[in-house]
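# Examining the three-dimensional arrangement
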Amino acid sequence: MKNLGKKLLLLFLFHTALFAGVKASLDANPVFSGELVTYRVTMSGNEMEKPLINDICGNKIVSTASSTNIEMVNGGYEKKYTLSYQFMPQKSCEIAPVEVKVDGKVEKSNAISLRVKKASEDVNPDFSLVLEPSKKELYVGEPFELTLVLKQKRDAQAVDSQFEAPDFKGFWVKSKSEPIRSDDGEFLITKVHYTLSAQRDGNLTIVPAQLQIATRHNTRDVWGSFSPNVKWRTYFSDALNIHAKPLPNGATLIGDFKISAVADKTEINQNEAVNVTIQVVGSGNLEDIKSFKPYNKDVNVFDEKIQIDKNKLSQKLVFVSDRDFTIPPFSLVFFNTTTGKVEKITTQKIDVKVNNDSPKSELKITRDETPKVENQDKEIESQMSLGWIFVAFVVGIVFGVVIMLLNPRKLFTKDKSFNIKDEKLLLVKLLPFKADPDVAKIIDMLEENIYSTTKQTIDKKMLGEIIKKYAIS
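Read on for a plain summary of the structure. Keep in mind the model is a prediction, meaning the values are calculated, not measured.

Calculation rules
Residues numbered from 1 in each chain as written. Predicted model: local features only at pLDDT ≥ 70, side-chain atom pairs only at ≥ 80, totals over all residues. Heavy atoms only, no water. Helix = DSSP H or I, 4+ residues; strand = E, 2+ residues; numbered from the N terminus. Buried < 20%, exposed > 50% of the residue type's maximum accessible area, 1.4 Å probe, protein only. Contact = heavy atoms within 4.5 Å. Areas by Shrake-Rupley, 256 points an atom, 1.4 Å probe, with all protein chains shown as cover. Pairing = 2+ DSSP bridges. Disulfide = S-S within 2.5 Å. Core = buried A, V, L, I, M, F, W, Y, C linked by side-chain atoms within 4.5 Å. Arc of directions from axis to C-beta. Polar contact = N/O pair within 3.5 Å; in protein donor to acceptor, adjacent residues only side chain to side chain.

### Considerations on the overall build of the chain
- Along the backbone of the chain there are seven helices and 32 strands.
- In the chain, which comprises 473 residues, the proportion classed as buried is 32%.
- Restricting the contact set of the chain to residue pairs at least 6 apart, pairs at least 24 apart contribute 65%.
- Just so you have it, the chain exposes about 31,800 Å², and 52% of that area is on carbon and sulfur atoms.

As structure tokens, this is what we get:
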């Protein structure tokens, strides 16, 4: 009987020892790459300090939680404190022990070997992501298709999902399709098509796409009961390596293009604008095409920003001159992927006739040859009727009242023949004097305001001095 009592005492003391110190555990091991894992540190004692854990095996911590339980041990109460850390491991690793100060004594947890299996080892996954390129070797700027394929088992249930597209660093994203869904009986399939082109030559990498899926799982709580829980797992596509070759013969464009240039008129009056629309249509690196604005010392040319819509590029140019001029041909040089040769395409030149304004009649000042009458007949003056004197007196009073009511400056200020707020008209008026640095500065500001989205504030004082200096009206 005494031995039985000793055994019970030893068993009770052993049970107490189980709850002393620090213990580490994982909710799952092994796991697949991208699967969310919970690492728990359980501390038993009355007084304990929370350990500082910033990462686990170099993986950032996604979320943390804590719980506290009070248990009766050996006739007293003991506190059990559990810290939970969720992380998403990418490879197998050894989780080092954690040091915790419990009841004034430093305790160490156990080390844990975590095994992470590659996604390829999951022979029958509920979800999968695949990147399918139309080609892996191409020229810089050459468009190619990349298809992202997501497969989901018909019976797979997802509580929530978060998708992260591949990083296309080093590539132009020319277009992206809407998701296209289909069903092959076993899988629900979603496809997204991208049109890309390499920005530079060399070996380029498209990093994997990621899909985080939350599913319901039953987990056992501290009391041994099962409860529904949500668990996240991340599915990755493979990384994709693309080799881009430089264009031959110094070409900067690649594809197959057609070009056209259309003027809204070919006969104008002096300083009237001619609007020319240039269009380039075809497949290729349209985004690398530069402005078509030509240089002509006798013609003022203004260019608007290039616009690209899918496989069509357009740009508007404005030409202003006071004499006949020719709009030169516009051309493109590119490497044609169909023929394998460098080709050049050109528009036709456009001749513009400028009509001279009708000559203004010369202002002539002539002297009045009517001989002056030396002596006026004083009798005419004396015969002025009293009625006219009264009318003159009334008119004078009315005129005086008008002057008092009106601002004299506004009354005598000379009306301008054009509104300086009309920036396009003001630009045309200033063009003949652009040799003046101050005028050139204002012309640049006007061009910015008219042909771009930025707005410049023009010095009204300087503008007024210029208008006065050159008698612009």
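From this point, the discussion proceeds with the structure in view.
### Thoughts on the pairing of strand β30 (residues 331–336)
- As defined by bridge partners, strand β23 (residues 254–263) adjoins β30 across two bridges and the pair is classed as parallel. In the strand pairing of β30, Ile-254 is matched with Phe-335.
- Bridge count for β30 against strand β31 (residues 341–346) is six bridges, and the pairing is antiparallel. Paired with Ser-331 across the bridge in β31 is Thr-346.

### Focus on the state of the cysteines
- Inspection of the entire model under this criterion finds one disulfide.
- The disulfide partner of Cys-57 is Cys-93, and the S-S distance across this bridge is 2.1 Å. Linking Cys-57 and Cys-93, the disulfide has an S-S dihedral of approximately 90 degrees and is accordingly described as right-handed. Residue Cys-57 is found in the loop between β4 (55–56) and β5 (59–73), and its partner Cys-93 is found in strand β7 (residues 93–95); the two are separated by 36 residues along the sequence.

### Observations regarding the nonpolar core
- Grouped together as the largest cluster of nonpolar side chains are 26 residues, with contacts concentrated most on Val-280, Phe-292, Phe-319, Phe-325, Ile-327 and Phe-330.
- When residues of this core are traced back to their parent elements, those giving at least two are β23, β25 (273–284), β28 (312–320), β29 (325–327), β30 and β32 (350–355).
- Here this core takes four residues from β25, the largest share from any one element.
- Ignoring anything within four residues of it in the chain, the contact list for Phe-325 reads Ile-268, Val-274, Val-299, Phe-319, Ile-350, Asp-351, Val-352 and Val-354.
- If you look at the next biggest cluster of nonpolar residues, it comprises 24 residues, including Phe-127, Leu-129, Phe-171 and Leu-211.

### Regarding helix α7 (residues 460–469)
- If you check which residues of α7 are buried, you get Leu-463, Ile-466 and Ile-467. Along α7, the residues classed as buried sweep out an arc of 100 degrees about the axis, all on the same side. Within α7, the exposed residues directed more than 90 degrees away from the buried face are Lys-461, Lys-468 and Lys-469.
- Its side-chain oxygen at 3.0 Å from the backbone nitrogen of Lys-461, Asp-459 defines the N-terminal cap of α7.
- Once α7 finishes, Ala-471 follows within two positions and takes phi at roughly 50 degrees, a positive value.

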